[in-house]
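Residues per chain, in single letters:
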Amino acid sequence: MVIALIVVGVLVLGLAGFVVWFLKIRDPLKGEDFYKFHVEQKWLWELTLTPEQEKAFMAGLEAYDDDRGCYPMRSEGLLRVYSPMMLISLYSLTEQFAAMGPAAVQDPARAVHDLVMRAAEGEVDGVLYYNDEWMGEDVTEVDGMDKYAFTDAMMSATFAQGVDHEFAGGYADENKGYLTMGVLTKNPQHVERMYQEASALAGEPTEYRNRLDVMKDVMTPESPEYVAAFDRAEAEKSKYINTLVFCFERVVEHYRDLRPQMEYAEPKDVLSVVMARMLEDDLRGYTWTRPPSDEQQNLALALLSNRS
């Protein structure tokens, strides 16, 4: 009996220790390695703010996250808000936050809350509403495609063949129903040099003679100097990228309207026409993270319009 009680006691203490470790140390919202509201003065939208302002801005985002939920998509320059469901340009948010002056720094929770509520009043430039039931309530397929196949077709529709441009990334969330498309005509020369300098720090590429060599290379940590240099190049490159964002729900509406006219086309080709028309005719359901130049607008249309 005594032994059993000791065993139970050890188990309870072990469980309590795990809970403390998880909540206080490893919790992705509290732990240092996972913290999503840190100040880094890295991305262009962050540089709109002084370090003090960014610290206040992040405190405001954290307060909103505690209340309703949000997530800063730093490299894309977007804030995903869980309630109400929106994507908001971080360029726009930081500009508005800075324009509020000392009042925003003194009460960042209220400032950020007011800015998000302002975005909820209307889908203006830099604001896009999304819907996690983008196929329709209790609908599991669009034109014979489940959410994964439809998302794959949408991503394929954003990569045209034969268009001269720089890879600028892209992301699609089949569960939340939105897609991001980076647009960049060409890297400036100084950015190219930054990538070359980073590559030089990576050392000579490993020669693979067998599977063991591949496994060893994958498991070998990358040089911290290379990682830091590459990270700096990525941040500098992002200054020249504009991100286009589409809402799946509105894309699906236009897809269903257009599909009968393109009966024999592949879904990705129908989607490329749909998204190009949305952009060209300025239809609701898309936005940019910042006002596009004519060059960026034309490149986006070319990427969406030219199919193989």
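Residues numbered from 1 in each chain as written. Predicted model: local features only at pLDDT ≥ 70, side-chain atom pairs only at ≥ 80, totals over all residues. Heavy atoms only, no water.

(A) Representation of helix 7 (residues 189–201) within the structure. An ideal rise of 1.5 Å per residue puts 18 Å on 13 residues; helix 7 measures up with 19 Å between its terminal C-alpha atoms. All buried positions along helix 7 are accounted for by Val-191, Tyr-195 and Ala-198. Buried residues of helix 7, seen end-on, are gathered within an arc of 60 degrees and therefore sit on one face of the element. Projecting away from the buried face of helix 7 at angles above 90 degrees are the exposed residues Gln-189, Gln-196, Glu-197 and Ala-200. As for helix 7, its buried residues are in contact with helix 9 (224–238). (Helix = DSSP H or I, 4+ residues; strand = E, 2+ residues; numbered from the N terminus. Expected span 1.5 Å × (residues − 1). Buried < 20%, exposed > 50% of the residue type's maximum accessible area, 1.4 Å probe, protein only. Arc of directions from axis to C-beta. Contact = heavy atoms within 4.5 Å.)

(B) Summary view of the pairing of strand 1 (residues 70–73). Note that strand 1 and strand 2 (residues 78–81) share 4 bridges and pair antiparallel. Pairing of Pro-72 across the sheet is with Leu-79, part of strand 2. The loop that links strand 1 with its antiparallel partner strand 2 comprises 4 residues; one of these, Gly-77, has a positive phi angle of about 75 degrees. (Pairing = 2+ DSSP bridges.)

(C) Examining the packing of helix 6 (residues 147–156) against helix 10 (residues 248–258) more closely. Close contact between helix 6 and helix 10 brings their axes to 12 Å; oriented N to C, the two are set at 85 degrees. Here helix 6 is positioned roughly perpendicular relative to helix 10, judged by the angle of their axes. Across the interface between the two elements, Phe-150, Thr-151 and Met-154 of helix 6 pack against Phe-248, Val-251 and Val-252 of helix 10. Broken down by class, the residue content of the contact of helix 6 with helix 10 amounts to 5 nonpolar, 1 polar and no charged. (Axes fitted to C-alpha atoms, helices over the stretch in contact; angles between N-to-C directions. Parallel < 35°, antiparallel > 145°, perpendicular 65-115°, else oblique. Nonpolar A, V, L, I, M, F, W, Y, C, P; charged D, E, K, R; others polar.)

(D) View of the pattern of salt bridges. Following the criterion strictly, the structure yields 10 salt bridges and no others. The salt bridge partner of Asp-65 is Lys-36, with a shortest N-O separation of 3.4 Å. A residue pair is termed long-range when its members are at least 10 positions apart, and Asp-65 in helix 2 (residues 51–67) and Lys-36 in the loop between helix 1 (2–26) and helix 2 qualify at 29 residues. Side by side, Asp-65 and Lys-36 carry an identical accessibility label, which is buried. A salt bridge links Glu-40 to Arg-74, with the shortest nitrogen-to-oxygen separation between them at 2.9 Å. Within this pair, whereas Glu-40 is found in the loop between helix 1 and helix 2, its partner Arg-74 is found in the loop between strand 1 and strand 2, the two being separated by 34 residues in sequence. Judged by its relative accessible area of 11%, Arg-74 falls in the buried class. In this structure, a network of salt bridges that share partners links the residues Glu-40, Glu-46 and Arg-74. (Salt bridge = Lys/Arg side-chain N within 4 Å of Asp/Glu carboxyl O.)

(E) Looking closely at the packing of aromatic side chains. For the structure on display, the rule yields 10 aromatic pairs. Where Phe-150 meets Phe-248, the ring centres are 6.2 Å apart and the plane angle is 65 degrees; that geometry is what we call edge-to-face. Here Phe-248 lies in helix 10 and Phe-150 lies in helix 6, a separation of 98 residues in the sequence. The same class applies to Phe-150 as to Phe-248, namely buried. (Phe/Tyr/Trp six-rings, centres within 6.5 Å; stacked < 30°, edge-to-face > 60°.)

(F) The confidence of the model for the protein, seen in detail. For the protein, per-residue confidence averages 85 on the pLDDT scale, and residues scoring 70 or more make up 84% of the total. Confidence, read as mean pLDDT per element, is least for helix 1 in the protein (43) and greatest for strand 3 (residues 86–89) (98). Counting interchain partners and residues more than four positions distant, the pLDDT-below-50 stretch residues 4–34 has 12 contacts. (pLDDT = per-residue confidence, 0-100.)

(G) Representation of the sheet that holds strand 2 in the model. Taken together, the 4 strands give an open sheet; going across it, the order is 1-2-3-4, and neighbouring strands pair in antiparallel fashion. Looking at strand neighbours, the two that pair on one side only are strand 1 and strand 4 (127–129), the edges of this open sheet. Across the sheet, the mean angle from the axis of one strand to that of its neighbour is 20 degrees, orientation sign disregarded. Note that strand 3 and strand 4 share 3 bridges and pair antiparallel. Following the sheet pairing, Leu-87 is matched in strand 4 by Leu-128. Sheet strands touched by helix 5 (residues 108–119): strand 2, strand 3 and strand 4. Its angle to strand 3, the strand with the most contacts, is close to 115 degrees.

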